[in-house]
Amino acid sequence: MFFPRALKALALALQLRVTIALDTCPTAVTTYTDGTGAQYAICADTDLQGTTAVATQNVASTAACAQLCSANSTCIRAVYDTSRKVCHIKDTAATLTWVSNTRYDVISLNNQFSEGTVIARCVFSETSYTGARGTFQTCPGTDLQGASARIVTGVASSAACAKLCDATSGCDKAVFDKSVSVCHIKDTTAMLIWAMNKRYDVIQRKVAATPAATGQWSDIIRLPIIPVAAYVVPESPDTSRMLIFAAWGGTTFGGAGGETQFADYNWKTGTVSQKTISNTNHDMFCPGISQLEDGRIIITGGSDAEKTSIYNPKTNTFARGPDMKVARGYQSSTTLSDGRVFTIGGSYSGGYGGKDGEIYDPATNTWTFLAGAEVDVMLTDDHEGIWREDNHGWLYGWKNGSVFQAGPSRTQHWYGTAGTGSVVQAATRDTDDAMCGINVMYDVGKILSAGGASDYDASTAWKTAHITTIGEPNQGSTVEKVSDMAYARAFGNGVVLPDGTVLVTGGQKVAHVFTDTDGALAAELFNPTTKTWKTLASAAVARNYHSVSLLLPDGTVFSGGGGLCYVGSKGASDAACNLAVNHADGQIFTPPYLFNSDNTAATRPVISSVSSYSMRVGSNLSVTMGSAAGGVKFSLVRIGSATHSINTDQRRIPIGTTTQSGTQYSFTLEKDSGILLPGYYYLFALSSTGVPSVAKTIQITL
Ligand SMILES: *[C@@H]1O[C@H](CO)[C@@H](O)[C@H](O)[C@H]1NC(C)=O
Ligand SMILES: *[C@@H]1O[C@H](CO)[C@@H](O)[C@H](O)[C@H]1NC(C)=O
Ligand SMILES: *[C@@H]1O[C@H](CO)[C@@H](O)[C@H](O)[C@H]1NC(C)=O
Ligand SMILES: [Cu+2]
């Protein structure tokens, strides 16, 4: 008698004293789905301890309590008391502790995406309202974050808000605030971000998509880490994967972490996997990246500032490379005409100033310092000083081992890599620096640059664009100011398309690291023939500091990233971070050239085979096409790597004269390895109407 009773008392005491907070439901989760499609997870036999906002008596069942929560515009979590039949709507701001307790059932809003998640498509059932100006679609449980042009109180329903939008000239988007019956007529000139938020309904005027005119963005691709840096894995004859990386953390950084978070994204299958690369003891956050002749990728410096890692696409592994002579972070690097790699600058990490050039030779696997390749002439005049002034050089490997530095400094230079190195001024590009502007060689010796700002941070961005033309090394470059972009962009990204146009995405009006303020969601396309810009479709997510873009082999463009929060040291908490500017995702943009004028998908030319997939510069090549249609043109676009608005690997080399015989086209490749840098290239065929094929990958050797 005595013994069991004592045990029972002990068990009771333990139960009272030890409340173990749950992080997963210990029972089988069931789901309540409301009329809009919003889902509530029900975890039986558990309780949420903490403040109740409103308790409703005589509620018949857990499902009825879920229904009450669903009907309340701000209820995210509720608890049903099965013994007293009370539904507790919990205070959204309170800290709640989840514990086991057979008396209660916990109900929580559990949509596919959590509250605050940015979306590009409505994930609930939409309703529509048709008025004088057309049909307005209402997506419940979502918000358009951004400025309102007009705020109207006392509006009864989302349908009434839609009606008001219809009656308001120019209103294309509105948001109904269910909790206070307010209709927000949105300012369509402001950056508007569509995100999950139960309190609101988003109303949008239905407009026919016009991808033939403005291109088209895919749905958001959710990734396990933020794409701060990324490169397409050089593989022949077809590429299918991109390696994406951040820092020791996938969403945070700080300190030299000795390892790096990577994601492997296969765009063909849509699969994404994550891995930590630690065998090179290298935190590769904020590095230089260059593709070698054999397709290996050398990643230099960054948070572990003297270290280097070399990725081998054939084995899908990383090996530690030799340390640089100078510790660097935010340097950039470029492959040279002889296959070596030049790097310069990088005072962001590893000490300030004096970061003259050095050369990596893959043949000897060594670095050599070039005292004559002086960095001082290419410094910007940044209000934060040297830390920022030698960052992200716009480097282009060119003829005879030379390097052309096109920016971001206002002056341009030629670096020589023979002996101990040299530097001479080439021209003045502009009267201001253009830190974190885009720059891309879209044609032989033709560099488009645009945007950027005088200073790295807290600096008004430019709309300005220039074309720089280079010829022989050490000769003056020619700079032509062309039309401004429609949007000012600091931290934007530029990608050359197979037809020589340049797609610019992302960036913000005033450079502010770790913010999305006034982000340009609309893409712009530069046409080098007319030297003008065209505004294209808008992305769903702002892409600013720490974002990337890369050309894919099907002529589409991956645009992703932005954010990565500084937490001081490895493993530190992200509690103080603004997670709303962390974008562990991407979207794929399909340019207008992939559509017919009626907006249907254009028929692509098809490359059936190429006479060789690895050949020396100056070789003859023949390409067999899937049909004998004439007027096909070809271009080579070097496979890209991107971080911090820099992509020194990409460049486009159009193919000149071709001879056609039936389905076969023959041509001779450029023979100067300074123009046709060694490495892996996409080979595109373009139809007579400018529709690109899916590229085959060919390797160019010395
Ligand atoms: C709706 O839920 C909130 C908590 O999110 C609560 O404060 C409010 O009182 C509830 N409203 C009604 C009418 O129950
Ligand atoms: C190539 O560069 C070297 C070293 O600067 C120089 O001596 C040589 O004259 C250059 N060759 C040509 C063809 O310009
Ligand atoms: C390429 O073809 C042309 C024309 O047939 C020929 O004259 C030239 O020698 C060839 N070049 C090479 C590198 O084979
Ligand atoms: Cu950075």
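Residues numbered from 1 in each chain as written. Chains lettered and ligands numbered in written order. Predicted model: local features only at pLDDT ≥ 70, side-chain atom pairs only at ≥ 80, totals over all residues. Heavy atoms only, no water.

- Per an unreviewed UniProt entry, the protein is named Apple domain-containing protein, and its organism is Neoarthrinium moseri.

## Notes on the state of the cysteines
Right, so step 1: Scanning all chains against the criterion turns up seven disulfides.
Right, so step 2: In this model, Cys25 is linked to Cys43 through a disulfide, with the two sulfur atoms separated by 2.0 Å. Across the disulfide from Cys25 to Cys43, rotation about the S-S bond amounts to roughly 90 degrees, and the bridge is consequently right-handed. Taken together, the residues Cys25 in the loop between helix H1 (2-17) and strand E1 (30-33) and Cys43 in strand E2 (residues 39-49) connect sequence positions 18 residues apart.
Right, so step 3: Note that Cys161 is cross-linked by a disulfide to Cys183, the S-S spacing being 2.0 Å. Where Cys161 bonds to Cys183 through sulfur, the torsion about that S-S bond is close to 75 degrees, and the disulfide is right-handed. With Cys161 in helix H3 (residues 158-167) and Cys183 in strand E11 (residues 182-186), the pair connects residues that are 22 residues apart, well separated along the chain. Each member of the pair Cys161 and Cys183 is classed as buried.
Right, so step 4: Of all cysteine sulfurs in the structure, the one in Cys286 sits closest to Cys436, which takes part in no disulfide; the separation is 10 Å.
Right, so step 5: By relative accessible area, Cys436 is classed as buried at 3%. (Disulfide = S-S within 2.5 Å. Helix = DSSP H or I, 4+ residues; strand = E, 2+ residues; numbered from the N terminus. Buried < 20%, exposed > 50% of the residue type's maximum accessible area, 1.4 Å probe, protein only.)

## Here we look at the domain arrangement of the protein
Right, so step 1: In terms of domain boundaries, the protein breaks down into domain 1 (11-109), domain 2 (127-207), domain 3 (214-594) and domain 4 (607-701).
Right, so step 2: Distance from the C-alpha centre of domain 3 to the C-alpha centre of domain 4: 23 Å.
Right, so step 3: Between domain 3 and domain 4, a total of about 4,100 Å² is buried, with carbon and sulfur atoms accounting for 56% of that surface.
Right, so step 4: The largest share of the area that domain 3 buries against domain 4 comes from Gln291, Glu293 and Pro498, three residues that together contribute 15% of it.
Right, so step 5: Salt-bridge contacts for Asp238 lead to Lys696; the nearest nitrogen and oxygen are separated by 3.3 Å.
Right, so step 6: Linking domain 3 with domain 4 are 26 residue pairs in polar contact (both at pLDDT 80 or more), by the criterion used here.
Right, so step 7: Only strand E15 (229-232), strand E20 (288-291), strand E24 (332-335), strand E28 (395-397), strand E32 (438-443), strand E37 (493-496) and strand E42 (547-551) provide two or more residues apiece to the side of domain 3 that touches domain 4.
Right, so step 8: Examining the composition of the side of domain 3 that touches domain 4, we find that six residues originate from one element, E32, more than from any other.
Right, so step 9: Grouping the amino acids of the side of domain 3 that touches domain 4 by side-chain chemistry returns 37 nonpolar, 24 polar and nine charged. (Domains from an automatic or database assignment. Buried area = accessible area lost by both parts, 1.4 Å probe. Salt bridge = Lys/Arg side-chain N within 4 Å of Asp/Glu carboxyl O. Polar contact = N/O pair within 3.5 Å; in protein donor to acceptor, adjacent residues only side chain to side chain. Nonpolar A, V, L, I, M, F, W, Y, C, P; charged D, E, K, R; others polar.)

## Things to note about the coordination of the copper ion (ligand 4)
Right, so step 1: Summarising the metal site, the copper ion (ligand 4) is bound by the protein donors Cys286 (SG), Tyr330 (OH), His546 (NE2) and His644 (NE2), whose distances to it range over 1.9 to 2.7 Å.
Right, so step 2: Because the angles between the four donor atoms bound to the copper ion (ligand 4) fall within 94 to 135 degrees, the donor set is best described as tetrahedral.
Right, so step 3: Mapped onto the sequence, the residues coordinating the copper ion (ligand 4) show the spacing C-x43-Y-x215-H-x97-H. One end of the pair, His546, is in the loop between strand E41 (532-538) and E42; the other, His644, is in the loop between strand E50 (641-643) and strand E51 (652-654), with 98 residues separating them in the sequence. Assigned by exposure class, His546 and His644 land together as buried. (Donors = N, O, S within 2.8 Å, 3.2 Å for Na, K, Ca; no water. Tetrahedral: all angles 85-135°; square planar, octahedral: opposite > 155°, others 65-115°.)

## Re the environment of Thr82
Right, so step 1: Mapping Thr82 onto the fold places it in the loop between strand E4 (77-81) and strand E5 (86-90).
Right, so step 2: On a C-alpha basis, the gap between Thr82 and Ala539 in space is 47 Å, while along the polypeptide they are 457 residues apart.
Right, so step 3: Setting aside anything within four residues of it in sequence, one finds Thr82 in contact with Thr102, Arg103, Tyr104 and Asp105.
Right, so step 4: Within the local environment of Thr82, its side chain forms a polar contact with the backbone oxygen of Arg103, the two atoms lying 2.5 Å apart. (Contact = heavy atoms within 4.5 Å.)

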